[in-house]
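# Observations on the model geometry
Listed here are the chains, written in short residue letters.
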Amino acid sequence: MYSAAAASPPRRDFISVTLSPEEAVGVGGYNNSKAWRRRSCWRKWKQLSRLQRSIILFLFAFLAVCGVVSFTSMGEPWKSLTNKSSDEQRTEPEIPALKLVNPAVLPAPQKADANAGDYPELSPQKQPKMPHIRRSPSNLQIKPPRRDVRLKTRHATSKIVEELVQADKEEKTEKSVISWRGAVIEPDQSTEPPSSKIKESEKPSSLEAEGQKEPVPINERQMAVIEAFRHAWKGYKDFAWGHDELKPLSKSYSEWFGLGLTLIDALDTMWILGLKEEFEEARIWVANDLVFDKNVDVNLFESTIRILGGLLSTYHLSGDSLFLEKAKDIGNRLMPAFKTPSKIPYSDVNIGRGTAHPPRWTSDSTVAEVTSIQLEFRELSRLTGDEKFQKAVDEVMKHVHTLSGKNDGLVPMFINTNSGQFTHLGVYTLGARADSYYEYLLKQWIQGGKKENELLEDYMRAIEGVKKHLLQRSQPKKLTFVGELAHGHFSAKMDHLVCFLPGTLALGAHNGLTADHMKLAEALIETCYQMYEQVETGLSPEIVHFNLHAQKGHKDVEIKPADRHNLLRPETVESLFYMYRFTGDKKYQDWGWEILQNFNKYTRVPTGGYTSINNVQNPSNPEPRDKMESFFLGETLKYMFLLFSDDVDLINLDKFVFNTEAHPLPIWVPA
C-alpha cells in the first residue's frame, strides 16, 4: 500500500476531432431511424464511466431477482384465490386461520378465541354416527416447506388464562426401581435389503401428493389440547429446558439419559399441533446443544422409540435434514448393542464409548424391548441406503420367529442375550415387557407394504392365543378384558399398557384382517374406558384386577394400593383415536374429552406442567408425584389432538404407521 499524497499527478492526453454535420450523424443526417437511435444509445452508454455502468447493471439484476421472488411467493395464493368460485365464497364459513404463503406439511391450527376466562367447559358433541368406510390413501403433502417460511410462521392463538390445580403436597421419595416406559417394576421376518442407490440426501418425497386440500378448521376440543400442551411446555421451558423430564411441583428436572427426552419426544407433536414458534425454539436446541458424543449409558429400546423415532418422524414432517443427520448419529451409536453371541441385543449402550452390556442383575433382555425397535431401524436403512440397521433388527425377528417356548403365538417376557433362548417360561402377558412385540408384528407388516408373511402369521397366531388363553369377562357388567397366564393359572390382572390392543386390532381390521378383530377391539375399548369411568377421579390406575364373580357392592374393577398411581399414560387415548378414525362413532371423542378434563382437574400444576399422581381413588388428595413423563407430550396430547380432529388426512393411516411412542413413519408402499 502507498500514500496517495506521494503519488505524481496523473497524465491526461487529449485528441481533437472535427466532424462535419453529415459525418456526425451519418449520411443523410438525422432521420430518427431505429438504427440511428440504437447507435445513439450505445454512444451514450459508452460515455458513462465504468462505475456508473456497474451500478446500473447491479440495479437491473436486483430488480430481476426481486421480481422472481415476488412471483414465486404470490403465485400460489393468487391462484387459489382466482380458482375459488363465487358460490364457494358465499357459502364457505370464515376460518380465522393464519394463511401461509407456502402451506406447511400439516396445516397450522386456527386462531384461538381470546377468552380471558376459565378453561372452556364444552358439552359432549352429539352428532350422527359416521358409517364405517375404508378410506383411500391421503393427499397429505410431505413436501418440505421453504425454510424461510418455516422460520417466519407463527401460530397466532391467544394466550388463555391458565387453570390452577391444587398441588400442595410435599415431594415424595421414590424407591429405586427399574422402569418399563415409566411403569414400576422390581429388578429380579425380514424384507429385501434397502437399495444402495438410495442417497443420504434423499428427501421424504415418496409420499408427496399432487395437491393439498384446504385445512380443516380447528375445533374447540383441539384448541383445548393446544392450550394443555402450551401449559405443559411452559413448565418444561421454564424449569427443565434441555433436560429429560420436568418435575413441575419442585420446579426442577430429572435426568435419565441427559439427552433432552421431553424436547425430542415433543417435536413432531408441536409440528402436528401447528406450534411453529415452539418448534423453532426446540429446533435451535437440537442444532446447537443435542450432542450424542458423551459417556452415558442409554436404554436401547427407550432411546430408539423416543429419540431415533422422534427425529425420523420430525424429518418426514418438516423436511429438515438436521433431524435426519441427528438420527443417523444416534442410530450408529446404538449399533454396538447387537454385538452379542446370539445377535439378540443388549439392553444398554454407552453411546460415547461404543460399548454395550446387559442389566447388572441379569443377562436377559425383555422380549418387547428387542422386538420393538424394528420400525425405526428399518426406516433408517431406507433413508440412508445403509443395510446394517435393517439387517440387525431383521435377524432378531427371524430368530424369535423360530424359537420354541411360545404358547399359541404368545411369547414369554424374557430372552437371553447369550443363548438366544426364551427364559422364565410359562408366563404370558400383553402388559409390561411383552406388549409392543405384538404391536410391532402388525406394524412392520404394514410398514413394508404387507409383503412379509412371517410377521403376519405370527401376529394372527398371537391374537388367537389371546382369545384362547387370556380373554375373560368381568362381573357385573361383563366387560371383556385381557388377563395374564402364569404356569397354567389365569390371573384377572390387566395393565393399563394393554389398552394399546384395541387400537392395534382396529388397525389390523382396517388393513384387511378378519372382521372379528374389530368386534374384539370394540369390546376392549369399552373395558379400557371403564378403567377410567369406575374410578373416583375418572383417571385409570396403572393396574386393575377384574372381578370374575358378582359380589354385592363391588364394581368390575378392583384396585390394589400399590397399583393406584397414574402416569399420564397414552394407551387408552391412542386406541380411542384409532376407533374414532375407523368408525366415526362420536362416543370415542366424548370419552377422550372426559379424560382430558380429568387430567386438567387432577394433574395440572399452576406454574406449568402436569404431574403423575399416586392415588386415583382420592379426588380431594390425588397425591402428586412431581414428575411429567416425556410421553405425555410425545403421545398422550398428540393422540388427543388427532382424536378430536375430523380430518382423516391429518396423519393419514394409509400413509403413516405410528411407532410405539406415537411417532409417525411413512408406509413404504402405500395401500
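Residues numbered from 1 in each chain as written. Predicted model: local features only at pLDDT ≥ 70, side-chain atom pairs only at ≥ 80, totals over all residues. Heavy atoms only, no water.

### Some details on the overall build of the protein chain
- Across its full length, the protein chain holds 20 helices and 20 strands.
- Burial status across the protein chain gives 54% buried among its 671 residues. (Helix = DSSP H or I, 4+ residues; strand = E, 2+ residues; numbered from the N terminus. Buried < 20%, exposed > 50% of the residue type's maximum accessible area, 1.4 Å probe, protein only.)

### Focus on helix α7 (residues 261-273)
- Its 13 residues place the ends of α7 19 Å apart at the C-alpha level, agreeing with the 18 Å of an ideal helix rising 1.5 Å per residue.
- Taking burial as the measure, the 13 residues of α7 include 13 buried ones, the bulk of the element.
- Of the residues flanking the end of α7, it is G274, one or two places downstream, whose phi is positive at about 80 degrees. (Expected span 1.5 Å × (residues − 1).)

### Details of the pattern of salt bridges
- Evaluated as defined, the whole model comprises 28 salt bridges.
- For R230, the salt bridge is made with E278, and the minimal N-O distance between the two is 3.1 Å. A residue pair is termed long-range when its members are at least 10 positions apart, and R230 in helix α6 (residues 220-239) and E278 in helix α8 (residues 276-289) qualify at 48 residues.
- Looking at R230, the relative accessible area reads 22%, which means it is partly exposed.
- For D516, the salt bridge is made with K467, and the minimal N-O distance between the two is 2.8 Å. Taken as a pair, D516 in helix α17 (residues 516-533) and K467 in helix α15 (residues 453-469) lie far apart in primary sequence, 49 residues in all.
- Assessed through its relative accessible area of 33%, D516 is described here as partly exposed.
- K467 sits in the partly exposed class, given a relative accessible area of 25%.
- Sharing partners across several salt bridges, the network here consists of E245, K627 and E629. (Salt bridge = Lys/Arg side-chain N within 4 Å of Asp/Glu carboxyl O.)

### Description of the sheet that holds strand β7 (residues 355-357)
- The three strands lie next to each other as β5-β6-β7, forming an open sheet whose pairing is antiparallel. Edge positions in the sheet fall to β5 (297-299) and β7, since each of these pairs with one other strand and no more. The average undirected angle you get between the axes of adjacent strands in this sheet is 30 degrees.
- Bridging between strand β6 (residues 348-350) and β7 involves three bridges; their strand directions are antiparallel. Within β7, the position partnered with N350 by the bridge is T355.
- Here helix α9 (residues 300-318) sits on the sheet and contacts β5 and β6; the angle it forms with β5, its principal contact strand, is near 75 degrees. (Pairing = 2+ DSSP bridges. Axes fitted to C-alpha atoms, helices over the stretch in contact; angles between N-to-C directions. Contact = heavy atoms within 4.5 Å.)

### So, the packing of aromatic side chains
- Under the counting rule described, the total for this entry stands at 23 aromatic pairs.
- Judged by centre distance (5.8 Å) and plane angle (85 degrees), the ring pair of W233 and W241 falls under edge-to-face.
- With relative accessibility at 29%, the residue W241 sits in the partly exposed group.
- Each ring, one from Y610 and one from F632, has its centre 5.0 Å from the other, and the planes form 45 degrees; the classification is tilted. Placement of Y610 in the loop between α19 (586-602) and α20 (630-643) and of F632 in helix α20 is noted, with a sequence separation of 22 residues between them.
- Taking the relative accessible area as the measure of exposure, Y610 reaches 1% and is therefore buried.
- By relative accessible area, F632 is classed as buried at 1%.
- Feature note: the residues F577, Y578, F582, Y639 and F658 constitute an aromatic cluster, connected by ring pairs.
- Sitting above the plane of the W271 ring, K276 keeps its charged end 4.6 Å from the centroid. (Phe/Tyr/Trp six-rings, centres within 6.5 Å; stacked < 30°, edge-to-face > 60°. Lys NZ or Arg CZ within 6 Å of the ring centre and 35° of its normal.)

### A short note on the sheet that holds strand β18 (residues 557-558)
- Strand order in the open sheet made by the three strands is β16-β17-β18, with antiparallel pairing throughout. Of all the strands in the sheet, just β16 (493-495) and β18 have a single pairing partner and so form its edges.
- By the bridge criterion, three bridges tie β16 to strand β17 (residues 543-546) in an arrangement that is antiparallel. Paired with M494 across the strands is V544, a residue of β17.

### Comments concerning the packing of helix α16 (residues 501-510) against α17
- It is at 8 Å that the axes of α16 and α17 come closest, and there the two elements cross at 160 degrees. Between α16 and α17, the angle is such that the two are roughly antiparallel. As α16 packs across α17, the resulting crossing turns out to be left-handed. Counted together, L501, P502, L505, A506 and A509 of α16 and H517, M518, L520, A521, L524, I525 and C528 of α17 form the full contact between these two elements.
- Class assignment for the residues of the contact of α16 with α17 results in eleven nonpolar, one polar and no charged. (Parallel < 35°, antiparallel > 145°, perpendicular 65-115°, else oblique. Left-handed = near helix turned anticlockwise from the far one by under 90°. Nonpolar A, V, L, I, M, F, W, Y, C, P; charged D, E, K, R; others polar.)

### Things to note about unusual backbone geometry
- Each neighbour pair has its own omega, and for Q475 with P476 the value is 10 degrees, a cis peptide bond.
- Note on placement: P476 falls in the loop between β12 (471-473) and β13 (480-482).
- Phi at D408 is positive, roughly 50 degrees, even though this residue is not glycine.
- Locating D408 in the fold gives a position in the loop between α13 (388-402) and β9 (414-416).
- In the Ramachandran plot, K478 falls in the positive-phi region, its phi being about 55 degrees despite a non-glycine side chain.
- Tracing the backbone shows K478 in the loop between β12 and β13.

### Some remarks on a nonpolar patch on the surface
- A cluster of nonpolar side chains, namely L51, I55, F58, L59, F62 and L63, defines an oily patch on the protein surface of about 660 Å² accessible area.
- Mapped onto the elements of the fold, F62 is located in helix α3 (residues 50-83).
- In this structure F62 comes out as partly exposed when scored by relative accessible area, which is 46%. (Patch = residues over 30% accessible without salt bridge, like charges linked within 9 Å, V, L, I, M, F, W, Y side chains within 5 Å. Areas by Shrake-Rupley, 256 points an atom, 1.4 Å probe, with all protein chains shown as cover.)

### Examining the UniProt feature "binding site: Ca(2+)" (unreviewed entry) in the protein chain
- In this numbering, the UniProt entry assigns the feature "binding site: Ca(2+)" (unreviewed entry) to T660.
- Judged by relative accessible area, which is 6%, T660 ranks as buried.
- Reaching out from T660, the side chain makes a polar contact with the side chain of E439 at a distance of 2.9 Å. (UniProt positions renumbered as here; feature names shortened; annotations may be inferred. Polar contact = N/O pair within 3.5 Å; in protein donor to acceptor, adjacent residues only side chain to side chain.)

### Looking at the state of the cysteines
- Taken as a whole and judged by the stated rule, the model has one disulfide.
- Paired through a disulfide, C499 and C528 show a sulfur-sulfur distance of 2.1 Å. In this structure, the disulfide formed by C499 and C528 twists by about -105 degrees around the S-S bond and is classed as left-handed. With C499 in the loop between β16 and α16 and C528 in helix α17, this residue pair connects regions lying 29 residues apart in the sequence. With respect to burial, C499 and C528 carry one shared label: buried. (Disulfide = S-S within 2.5 Å.)

### Re the environment of Y610
- Sequence separation between Y610 and M628 is 18 residues, and the spatial gap between their C-alpha atoms is 5.8 Å.
- One polar contact links Y610 to N600, side chain to side chain, over a distance of 2.7 Å.
- There is a polar contact of 3.0 Å between the side chain of Y610 and the side chain of R604.

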